[in-house]
Each structure stands twice: as structure tokens, then as C-alpha cells.
Amino acid sequence: NARVEIPVKMDKSMASERVDLSSDIFSRDCATNRGSPKHSPGTPEPPPEIDKSLEVGSMVQVRKGAMFHFGVIRWIGSLPNKAHICAGLELEEEIPHPSSNGMFDGVRYFSCPPFRALFCYLHDCSKDSR
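As the structure is a computational prediction, the values presented were derived from the model and not from experiment.

Rules and cut-offs
Residues numbered from 1 in each chain as written. Predicted model: local features only at pLDDT ≥ 70, side-chain atom pairs only at ≥ 80, totals over all residues. Heavy atoms only, no water. Salt bridge = Lys/Arg side-chain N within 4 Å of Asp/Glu carboxyl O. Helix = DSSP H or I, 4+ residues; strand = E, 2+ residues; numbered from the N terminus. Buried < 20%, exposed > 50% of the residue type's maximum accessible area, 1.4 Å probe, protein only. Pairing = 2+ DSSP bridges. Axes fitted to C-alpha atoms, helices over the stretch in contact; angles between N-to-C directions. Phe/Tyr/Trp six-rings, centres within 6.5 Å; stacked < 30°, edge-to-face > 60°. Lys NZ or Arg CZ within 6 Å of the ring centre and 35° of its normal. Contact = heavy atoms within 4.5 Å. Disulfide = S-S within 2.5 Å.

Participant: Report on the pattern of salt bridges, specifying residues and quantitative values.
Facilitator: Scanning all chains against the criterion turns up four salt bridges. A salt bridge links E90 to R116, with the shortest nitrogen-to-oxygen separation between them at 4.0 Å. On the criterion of sequence distance, the pair formed by E90 in strand β3 (residues 86–91) and R116 in the loop between β5 (107–108) and β6 (117–121) is long-range, its members being 26 residues apart. Its salt-bridge partner being R130, residue E92 comes within 2.7 Å of it at the nearest N-O pair. In this pair, E92 sits in the loop between β3 and β4 (103–104) while R130 sits in the segment after β7 (125–127), placing the two residues 38 residues apart along the sequence. A relative accessible area of 59% means that R130 is categorised as exposed. Each of R74, E90 and R116 takes part in one network of salt bridges that share partners.

Pasting the structure below:
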């Protein structure tokens, strides 16, 4: 059993200036390694645990990178090509990206001012701790 390593290199020229709202915040879910260590490829991931008290109207926080964003859940449901239950948040403050006005991939799920909507997995939301 020889070990084969494939080098991967990415520089700024490979990064896109345009943010794809359908994937940016969701991509970090893979990095959290929520699956079981015994998970085998081709087997569906078990759904992550969700705080059952979260509902539309709940004040929540969600971590994106090193920052927390705070807002209220305006929508909960399924989004195209997303594996888990999602939440649409109306944030307290504007963020440049990945934000919208309540639209995701051209479909309106709720309304809020521009740059104040954020879609994420519901399991990434927790009650506002402030």
C-alpha cells in the first residue's frame, strides 16, 4: 500500500472576485469535519444536530471565519443542492458578501435590506449569546 500525495496549489490568480452566494458559507461545513471518523465514501452523512429551539424569529449568531454575525431567522427550509436544512438570516449589520436581500439563486425566500441577508445551514446557528 503505497501512499500517494497529490500537491494542490492555489494562488490569488485562481481566486474569483465574484462571490457565489450558493456556496461560500456552506463550503466551510466540510472543514468542520462533522461526520463520524468511520464515515465511508458514498454513504450519506448523518444530519448534524440542530438546536430544536431555533425557529423563525429566533435571534441567532453564526460564525463565518473568525467573525460572528448576529441576526434573526427569517426563513427555514431546503435550498437546491444543499444537503441539510438551511436558514435565511436577516443580519443586524450589512456585510459585503456573501449577502443578499433575501434572494438565493434568483429565488426570493424573504425580504430585507440589501447586504443584510445570509443563508447558512441551520446547524451552524446558535442562540445569540450576547
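Participant: I'd like a rundown of the sheet that holds strand β1 (residues 59–64), residues and numbers included.
Facilitator: Sheet architecture is open: five strands sit in the order β6-β3-β2-β1-β7, paired in antiparallel fashion. Every other strand in the sheet has two partners, leaving β6 and β7 as the edge strands with one partner each. Averaged over all pairs of adjacent strands, the angle between their axes in this sheet comes to 45°, without regard to strand direction. Judged from the six bridges that link them, β1 and strand β2 (residues 67–77) form a sheet pairing that is antiparallel. Opposite V62, over in β2, you have H69 as the bridge partner.

Participant: Residues and numbers for the packing of aromatic side chains, please.
Facilitator: This model, assessed by the stated rule, comprises five aromatic pairs. Aromatic side chains Y109 and F119 sit 5.8 Å apart centroid to centroid with 70° between the ring planes, which places their arrangement in the edge-to-face category. Remark: F119 occurs in strand β6 and Y109 occurs in the loop between β5 and β6; sequence separation between them is ten residues. One aromatic cluster in this structure is built from W75, F104, Y109, F110 and F119. A cation over an aromatic ring shows up here: R130 above the ring of F70, its NZ or CZ 3.9 Å from the ring centre.

Participant: Summarise the side chain of E90; cite the residues concerned and give the values.
Facilitator: Since its relative accessible area comes to 15%, E90 is described here as buried. Excluding its chain neighbours within four sequence positions, the residues that come into contact with E90 are G71, V72, R74, F110, S111, C112, P113 and R116.

Participant: Account for the state of the cysteines, with residues named and values stated.
Facilitator: Counted by the stated rule, this structure contains zero disulfides. The thiol sulfur of C86 is not disulfide-bonded, and the nearest other cysteine sulfur, from C120, lies at 7.8 Å. Cysteine C120 remains unbridged, with the sulfur of C125 as its closest cysteine sulfur at 3.6 Å. Note on C120: relative accessible area 0%, which makes it buried.

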